[in-house]
Amino acid sequence: MSEQGNVETLIVLQPIAVDTASPDREGRLVIANGLLVAVLVRLDDPEHDNLGNWFLEVGFGRLQGKNTPTFPTLEQATRWLRRHLKAD
């Protein structure tokens, strides 16, 4: 009997600069269980409504094309990512 459903997804956020052609450059590669699943970018352009929040710049696999909110903290982003990466 598999207990895989009880195992929490290991998410690593690796800092990286992202060329977004805007002031939004602080980023994180999102690695889940060893796979690159997304890139988060911090909103630094004063024109953003949610200045300082984290935005899912691109998602891969299960996260591709997801309509996502912005996240005030990386912890909130990580919780959202875990929920949406959970196996069906």
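Residues numbered from 1 in each chain as written. Predicted model: local features only at pLDDT ≥ 70, side-chain atom pairs only at ≥ 80, totals over all residues. Heavy atoms only, no water.

Observations concerning the pattern of salt bridges
Step number 1: All told, the structure shown has 3 salt bridges when counted by the stated rule.
Step number 2: Where Asp 19 meets Arg 25, a salt bridge forms, and the shortest distance between an N and an O atom there is 3.8 Å.
Step number 3: On the basis of relative accessible area, Arg 25 is assigned to the partly exposed category, the value being 43%.
Step number 4: Close ionic contact of Glu 26 with Arg 28 constitutes a salt bridge, the shortest N to O distance being 3.5 Å.
Step number 5: By relative accessible area, Glu 26 is classed as partly exposed at 34%. (Salt bridge = Lys/Arg side-chain N within 4 Å of Asp/Glu carboxyl O. Buried < 20%, exposed > 50% of the residue type's maximum accessible area, 1.4 Å probe, protein only.)

Overview of helix H1 (residues 74–85)
Step number 1: Helix length check: H1 (12 residues) gives 16 Å between terminal C-alpha atoms against 16 Å at 1.5 Å per residue, within 8%.
Step number 2: When we look at burial in H1, the residues that qualify are Leu 74, Ala 77, Thr 78, Trp 80, Leu 81 and Leu 85. Angularly, the buried residues of H1 cover 165 degrees about the axis, an arc narrow enough to put them on a single face. Opposite the buried face of H1, at more than 90 degrees from it, the exposed residues are Glu 75 and Arg 83. (Helix = DSSP H or I, 4+ residues; strand = E, 2+ residues; numbered from the N terminus. Expected span 1.5 Å × (residues − 1). Arc of directions from axis to C-beta.)

Thoughts on the sheet that holds strand E3 (residues 35–42)
Step number 1: Taking strand neighbours across the sheet as the criterion, the 4 strands line up as E1-E2-E3-E4 in an open arrangement whose pairing is antiparallel. In this open sheet, the two strands that pair with only one neighbour each are strand E1 (11–17) and strand E4 (54–59). Averaged over all pairs of adjacent strands, the angle between their axes in this sheet comes to 30 degrees, without regard to strand direction.
Step number 2: Sheet topology places E3 next to E4; 5 bridges connect them, and they run antiparallel. Across the sheet, Arg 42 pairs through a bridge with Trp 54, a residue of E4. (Pairing = 2+ DSSP bridges. Axes fitted to C-alpha atoms, helices over the stretch in contact; angles between N-to-C directions.)

Considerations on the side chain of Asp 24
Step number 1: With respect to the secondary-structure elements, Asp 24 resides in the loop between E1 and strand E2 (26–32).
Step number 2: At 7.9 Å, Arg 42 is the nearest oppositely charged side chain to Asp 24, a buried residue that forms no salt bridge.
Step number 3: Sequence-distant contacts of Asp 24, that is, excluding residues within four places in its chain, are made with Val 18, Val 41, Arg 42, Leu 43, Asp 44, Asp 45 and His 48. (Lys, Arg positive; Asp, Glu negative; His and termini not counted. Contact = heavy atoms within 4.5 Å.)

Describing the nonpolar core
Step number 1: By size, the foremost hydrophobic cluster in this structure holds 15 residues, and its most contacted members are Val 30, Val 37, Leu 40, Leu 63, Leu 81 and Leu 85.
Step number 2: Counting only elements with at least two residues in this core, the list comes to E2, E3, E4 and H1.
Step number 3: Excluding residues that lie within four positions of it along the chain, Val 37 makes contacts with Val 30, Ala 32, Val 58, Gly 59, Phe 60, Leu 63 and Leu 85. (Core = buried A, V, L, I, M, F, W, Y, C linked by side-chain atoms within 4.5 Å.)

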